[in-house]
Amino acid sequence: MDTFAFIIHPIDPKRDVSRKFPFLGRVLNESQIDFLSTFFPPLYISEIVGITSQATGKEIKGWFIACPYTPKRMLELPEQTVYRKIIQTGRLAEKLGAQILGLGAFTSVVGDAGITIANELDVPVTTGDSYTVMVAVDSIREAAYVMDIPLKTATAAVVGATGAIGQVCAELLADDVERLYLIGRRQDKLEELRDRLKLQSSCELIISTKMDVLKEAQLILTVTSAIHDVVRPEHLQPGSVVCDVARPRDVSAMVAAVRDDILVIDGGMVDVPGPVDFHFNFGFPAGKAYACMAETVALALEGRFEDYTLGKHLTRARVEEINRIAKKHGFRLSGFRSFEREVTTQQIEAVRRNAKNARLPYIAHM
Ligand SMILES: NC(=O)c1ccc[n+]([C@@H]2O[C@H](COP(=O)([O-])OP(=O)(O)OC[C@H]3O[C@@H](n4cnc5c(N)ncnc54)[C@H](OP(=O)(O)O)[C@@H]3O)[C@@H](O)[C@H]2O)c1
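What you are looking at is a predicted structure, and each value in this text was computed from that prediction instead of being measured. (Residues numbered from 1 in each chain as written. Predicted model: local features only at pLDDT ≥ 70, side-chain atom pairs only at ≥ 80, totals over all residues. Heavy atoms only, no water.)

## Thoughts on empty space enclosed by the protein
According to the stated counting rule, one finds two cavities of 30 Å³ or more in the structure shown. In this structure, the largest cavity encloses a volume near 60 Å³. Every residue along the wall of the largest cavity is listed here: Ser 139, Ile 265, Asp 266, Gly 268, Met 269, Leu 333, Ser 334, Gly 335, Phe 336 and Arg 337. In the lining of the largest cavity, the residues fall into four nonpolar, four polar and two charged. Empty space within the second largest cavity amounts to approximately 40 Å³. Phe 4, Ile 48, Ile 51, Phe 64, Val 272, Phe 278, Ala 289, Met 293, Ala 294, Val 297 and Phe 331 together form the lining of the second largest cavity. At the level of elements, β2 (43–52) and α11 (291–302) are the ones that each hand at least two residues to the lining of the second largest cavity. (1 Å grid on protein atoms, 1.4 Å probe; cavity = no way out; pocket = protein on both sides within 12 Å on 5 of 7 lines; lining within 4 Å. Points joined across faces, edges and corners; volume = space filled by probe spheres on them. Nonpolar A, V, L, I, M, F, W, Y, C, P; charged D, E, K, R; others polar. Helix = DSSP H or I, 4+ residues; strand = E, 2+ residues; numbered from the N terminus.)

Have a look at this one:
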């Protein structure tokens, strides 16, 4: 049977450590977990069974393994130290017999996005970023549809637009919408991206290093590698949709608490084909996975045991190819979720209603 492994790591230290070690999660505080994570070895988490291709009937199995570092630790420690720990975790995948290895969340963000790690390991590696792009963009298209926002005349924004995932999301969205804000921290990188996209799209492209411009956007895709939230309630216009692909999240929990006129959706969740059992609760309902996990699994189903998405320069061709492979084997965009809860049709209706009411004072003022 063909096999894969996927590296996960704690994102919300107390919650995630509790999922594997309930006692430690209870007695240690967040900074103790952060500190201790430096000395922890890579961990075997669980066996994944039941994934079956809808196209070929092929069944595969895999493993979750964990790199113990939190995102904060990965940013604080020297890059070489972080690489070393991820490579050690990759060696565990090799011992288990994995034929391809996926890098989850921050293990794919660090340094050169998987290139050094893949060079050190014998097992082929992928970051999962190509399929993450496709699922994020498809999610925002679907959300625009349910919120009655016509894409052709819409104003959209990509936050973290100069990042590996952000750049290709911007490239795809530029073909869909009338106006696109590219938001990032560095003016020079933003200018470079705008000039490149200008050559291939007639969409109006506006760059900014300020989050205030989000007020202009109806559709927002946010995908920074910030470890704290960057999108807050005061940045958003009534009726807008925010698709949060970042882990840790970019959207402040305050948006859900005080803005009932905004639809926030978690980017990157898909249905996995076959009666999958992950034997580990990573916060999703049964049968669903992150798009980056799905890329690793789809490659294993396809028998493509090769380095696939690596580095900070993703290509549209790879995004389209992995989309075809995933679709063929039966991966599908999942229903919407927001802050780890299902979004119901009634909730979407309520957001639309609340947005209409929130807009009324502005209209009356005109
Ligand atoms: N949901 C999923 O399935 C999935 C899959 C893979 C990755 N991810 C997540 O996606 C995110 C981005 O990954 P990536 O590989 O594209 O990372 P990346 O290449 O490092 O890009 C991150 C972008 O975020 C910007 N940024 C960093 N800190 C910021 C801050 N404090 N405020 C504003 N912008 C900031 C960076 O700007 P500079 O250029 O100025 O540094 C860069 O443009 C991560 O959170 C990762 O965990 C999710």
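## Focus on the side chain of Asp 250
Structurally, Asp 250 is set in the loop between β10 (241–244) and α10 (253–258). Of the side chains bearing the opposite charge, Arg 247 lies closest to the buried Asp 250, which forms no salt bridge; the N-O distance is 7.9 Å. The contacts of Asp 250, once residues within four sequence positions are left out, are Thr 222, Val 223, Thr 224, Ala 226, Asp 229, Val 230, Val 231 and Asp 244. (Buried < 20%, exposed > 50% of the residue type's maximum accessible area, 1.4 Å probe, protein only. Lys, Arg positive; Asp, Glu negative; His and termini not counted. Salt bridge = Lys/Arg side-chain N within 4 Å of Asp/Glu carboxyl O. Contact = heavy atoms within 4.5 Å.)

## What about the sheet that holds strand β5 (residues 125–126)?
Two modes of strand pairing occur in sheets, parallel and antiparallel, and in both the strands are linked by backbone hydrogen bonds. Here five strands make up an open sheet; going across it, the order is β2-β3-β1-β4-β5 and the pairing mixed. Each edge of the sheet is formed by a strand with only one pairing partner; in this case those strands are β2 and β5. Direction of pairing for strand β4 (residues 101–103) relative to β5: parallel, over a ladder of two bridges. Bridged to Leu 101 within β5 is Val 125. (Pairing = 2+ DSSP bridges.)

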